[in-house]
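# Examination of the molecular architecture
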Amino acid sequence: MLRVARFLSVPLLLLAIAIGVLALTSKPAQPAAVLSRFAEQPLVIAHRGGKGLWPENSLFAFERASALGVDMLEMDLHLSSDGELVVIHDPTLDRTTNGDGPVAARSLAQLQALDAGYRWSADGGQSHPYRGQGVRIPTFTEVLERFPSIPKVIEIKVPDVGMEAQLCDTLTAHQQRDKVIVGSFYDRSLQLFREQCPGVATSAGPDSVRLLLALNWIGLGSVLSPSYQALQIPEAHSGLPIASSSLLQTASQRGLNVQLWTINEQPDMRRLLDLGADALITDYPDRALQVLGRSTRISALEAD
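Residues numbered from 1 in each chain as written. Predicted model: local features only at pLDDT ≥ 70, side-chain atom pairs only at ≥ 80, totals over all residues. Heavy atoms only, no water.

If you look at the biggest cluster of nonpolar residues, it comprises 60 residues, and the most contacted ones within it are Leu73, Phe140, Leu167 and Leu231. With five residues, helix H2 (residues 59-68) is the largest single contributor of residues to this core. If near-sequence neighbours (up to four positions away) are discounted, leucine 73 is found in contact with Ala46, Phe62, Ala65, Ser66, Phe147, Ile150, Pro151, Lys152 and Val153. (Core = buried A, V, L, I, M, F, W, Y, C linked by side-chain atoms within 4.5 Å. Buried < 20%, exposed > 50% of the residue type's maximum accessible area, 1.4 Å probe, protein only. Helix = DSSP H or I, 4+ residues; strand = E, 2+ residues; numbered from the N terminus. Contact = heavy atoms within 4.5 Å.)

The next point concerns the state of the cysteines. Enumeration according to the criterion identifies one disulfide in this entry. Here cysteine 168 pairs with cysteine 197 through a disulfide, and the sulfurs are 2.1 Å apart. For the disulfide bridge between cysteine 168 and cysteine 197, the dihedral angle about the S-S bond is near 85°, and by the sign convention the bridge is right-handed. In this pair, cysteine 168 sits in helix H5 (residues 163-173) while cysteine 197 sits in the loop between helix H6 (187-196) and strand E6 (201-202), placing the two residues 29 residues apart along the sequence. (Disulfide = S-S within 2.5 Å.)

What characterises a pair of aromatic rings is the spacing of the ring centres plus the angle enclosed by the ring planes. One pass over the full model with this rule turns up four aromatic pairs. Considering the side-chain rings of phenylalanine 62 and phenylalanine 147, the 6.2 Å spacing of their centres and the 85° angle between planes classify their relative orientation as edge-to-face. Separated by 85 residues along the polypeptide, phenylalanine 62 in helix H2 and phenylalanine 147 in the loop between helix H4 (140-146) and strand E4 (152-156) bring together distant segments of the chain. What makes phenylalanine 62 buried here is its relative accessible area of 0%. Taking the relative accessible area as the measure of exposure, phenylalanine 147 reaches 8% and is therefore buried. Through a chain of ring-to-ring contacts, the aromatic side chains of Phe60, Trp120 and Tyr130 assemble into a single cluster. Positioned above the aromatic ring of tyrosine 118, the side-chain terminus of arginine 131 is 3.7 Å from the ring centre. The lysine or arginine in question, arginine 287, covers the ring of tyrosine 284, its NZ or CZ lying 3.7 Å from the ring centre. (Phe/Tyr/Trp six-rings, centres within 6.5 Å; stacked < 30°, edge-to-face > 60°. Lys NZ or Arg CZ within 6 Å of the ring centre and 35° of its normal.)

Written out as structure tokens, the structure reads:
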């Protein structure tokens, strides 16, 4: 037994030393320029422009959400067959347009000839008020030009097609590197984007979220030195809780802005804000603004 104790003492001592070194050298996330304007107020982020209210990822939705008074617009990027960055969530056209098949199989001209308001309905498909109203799939450049001042959350939807460099070049050309947070469900895309576009704020990828969860669970969240500035997570995943009070506290201590998705009901919004959420990513930004006691002009917008 004594020999076993001696055998284990050396690696345990080395592990303790390593943890001590990490704790002493760890640094919180670098402040994100895009978030500096907001001080400490909770943020309302319009998910796909507020897809519960208007046709998602459209200039129309972004215009309405901006007029409503949201803090940030969230959007998704794909590439057309001729290499243009286009704003659409799904890899296929079927759910949101009158087209079908892969987004990547169509040119920009073909994509923009489609009706991006065709499928939107607020009553389960009984009516489609935006059909034939000129709602189309926008290019990312169009979004940047139409909304140069409002901050944006951008998701890279497709890895390994050169989107990271193209996104960086486009942001640079429009002088909006300090107005975005870039995220992706592909860690390799995020790592590549950080290398190619240093200084632009990013969110944690799946591997980074798992690491933070694990460190927090064993009480070692303080050793983390994040390479990202935002933690965009759901409250739960596959029935397992993620956004705990402990995790949000650890994230805050590491300098991370915690943005929870997709939060659509007002009781949940209130509860998660009380828990410590820094931002709500929601399909119904009008509801979030109301919870925060901020003015909303939804009635005036509906009358337009």
